[in-house]
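# Architecture at a glance
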Amino acid sequence: MPLFLRLTLPLLLVLGVVGYALSPVVEQLVERWFQHDVELRSQLIFNTMRDNLAALVRNDERRDIEILFKRISEDERVLAMGLCSPEDKLVVTSSGWPALIGCPVASDPAPAAKAAASKPVFRVHRLSGGAVLLSTFPLPGVKEPPGSVLILHDLSFIERRGGDTRLYLAGLLAFVGLVATVVTLLVARFTLRRWVRSMCEMLKPESRDTRQKTAAMAEMGPVVGEIRQLLRDLDMSRSTAEG
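Residues numbered from 1 in each chain as written. Predicted model: local features only at pLDDT ≥ 70, side-chain atom pairs only at ≥ 80, totals over all residues. Heavy atoms only, no water.

### Quick notes on the state of the cysteines
How we decide: For this text, the term disulfide refers to a pair of cysteine sulfurs within 2.5 Å. For the purposes of this entry, the term helix denotes a DSSP run of H or I that reaches at least four residues, the term strand denotes a run of E that reaches at least two, and both are numbered from the N terminus. Per-residue accessibility, obtained with a 1.4 Å probe over protein chains only, is compared with the maximum for each type, and a residue is labelled buried under 20%, exposed over 50%, and partly exposed between these values.
Summed over the entire model, instances satisfying the criterion amount to one disulfide. What pairs with C84 in a disulfide is C103, and their sulfur atoms sit 1.9 Å apart. Given an S-S torsion of about -110°, the disulfide between C84 and C103 has left-handed geometry. Residue C84 is found in strand β1 (residues 78–84), and its partner C103 is found in the loop between β2 (90–93) and α3 (111–117); the two are separated by 19 residues along the sequence. For the pair C84 and C103, a shared accessibility class is recorded, and that class is buried.

### Concerning the nonpolar core
Keep this limit in mind: To qualify as a nonpolar core, a set must consist of buried Ala, Val, Leu, Ile, Met, Phe, Trp, Tyr and Cys residues joined through side-chain atoms within 4.5 Å. Residue contacts are defined here by distance: any two heavy atoms, one from each residue, within 4.5 Å place the two residues in contact.
Within the largest apolar cluster, 19 residues are counted, with the highest numbers of intra-cluster contacts made by M49, L53, V149 and I151. Those elements that provide at least two residues to this core are α1 (3–58), α2 (62–72), β1, β4 (130–139) and β5 (147–154). Those residues in contact with I151 that sit more than four places away from it in its chain are S42, I45, F46, M49, V78, A80, M81, L133, L134, S135 and F137. The next biggest cluster of nonpolar side chains, apart from the first, holds nine residues, and it includes A80, C103, V132 and L150.

### Here we look at the pattern of salt bridges
Convention followed: Think of a salt bridge as a Lys or Arg side-chain nitrogen and an Asp or Glu carboxyl oxygen that are within 4 Å of each other.
Going through the model one piece at a time under the given rule, you end up with three salt bridges. Ionic pairing is found between D75 and R41, a salt bridge with its closest N-O pair at 2.9 Å. Highlighted residues: D75 in the loop between α2 and β1 and R41 in helix α1, separated in sequence by 34 residues. Classification of D75 as partly exposed rests on a relative accessible area of 31%. The shortest N-O distance in the salt bridge between E66 and R63 comes to 3.6 Å. Residue E66 and its partner R63 are located together in helix α2, separated by three residues, close to a single helical turn. If you follow the salt bridges from partner to partner, you end up with R62, R63 and E66 in one network.

### As for the sheet that holds β4
For sheets, the rule is that strands pair by backbone hydrogen bonds, running either parallel or antiparallel. The criterion, for reference: Two strands qualify as a pair provided that DSSP identifies no fewer than 2 bridges between them. Angles here are taken between N-to-C directions and fall from 0 to 180 degrees, while the axes themselves are lines fitted to C-alpha atoms, restricted in helices to the stretch in contact.
The strand order across the open sheet formed by five strands is β2-β1-β5-β4-β3, and the pairing between neighbours is antiparallel. Of all the strands in the sheet, the pair left with one neighbour each is β2 and β3 (121–127). Averaged over all pairs of adjacent strands, the angle between strand axes in this sheet comes to 25°, irrespective of strand direction. Examined bridge by bridge, β1 and β2 share three bridges and lie antiparallel to one another.

### Concerning α2
Condition: To obtain the arc, one takes the directions from the helix axis to the C-beta atoms.
Regarding α2, the residues found buried are I65, L68, F69 and I72. Projected down its long axis, α2 carries its buried residues within an arc of 95°, all on one side. Every exposed residue of α2 that faces more than 90 degrees away from the buried side is listed here: R63 and K70.

### Describing the pairing of β5
Both faces of the sheet carry side chains from a regular strand, because those side chains alternate between them. With respect to burial, β5 is a largely interior element, eight of its eight residues being buried. Two elements, β4 and β5, share eight bridges in a ladder whose sense is antiparallel. Within the sheet, the bridge partner assigned to F137 lies in β5 and is V149.

Structure below.
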């Protein structure tokens, strides 16, 4: 087998095992990063429409709320919008709202529950078409307890990008393996040539360049010592066998 393959195949095998072991970790990191990005998008959408939506809810402008939700749902990542009453019932939804998803949790009069209800809540749901992120934002200043706004985002693109990430990781590891193999071969070739040149310099009966010969002896001295020791051991083994 050529030296290049003898160096490349084990290295690629090791990198393949490392890539397979790291693939779930990298995929989880990518999913968390994209999910956090979608959560920020949901927060931005809610902050943009909050005051306008609160005024529409106070005036009970249901038709205008539906138009607002429809316009926001035209975004490629936003699947649907919903409005929950203080009793946690869906009162307004845009087209395409899944029947399996309703208002998150019924109102709880406990102080801790009220404090938690004042913060946005993000939950991932698995539907037949893929994963979705349900973002729930309280709508204060309308009623007490307040209602909530639901924003449903598509997360299926994260799964597709996770597959792309695995391919990129495999390609990167393969590239690193090839580069490491080429560098190793170049270094080994350069080192071997230097050793051969130094050995030839030492074996010359007369060398015009004394400094070069001294440097070669200093560099190859340990190697020559080991070779001599091996030859002595071989001679002793032969003598013992003959005797």
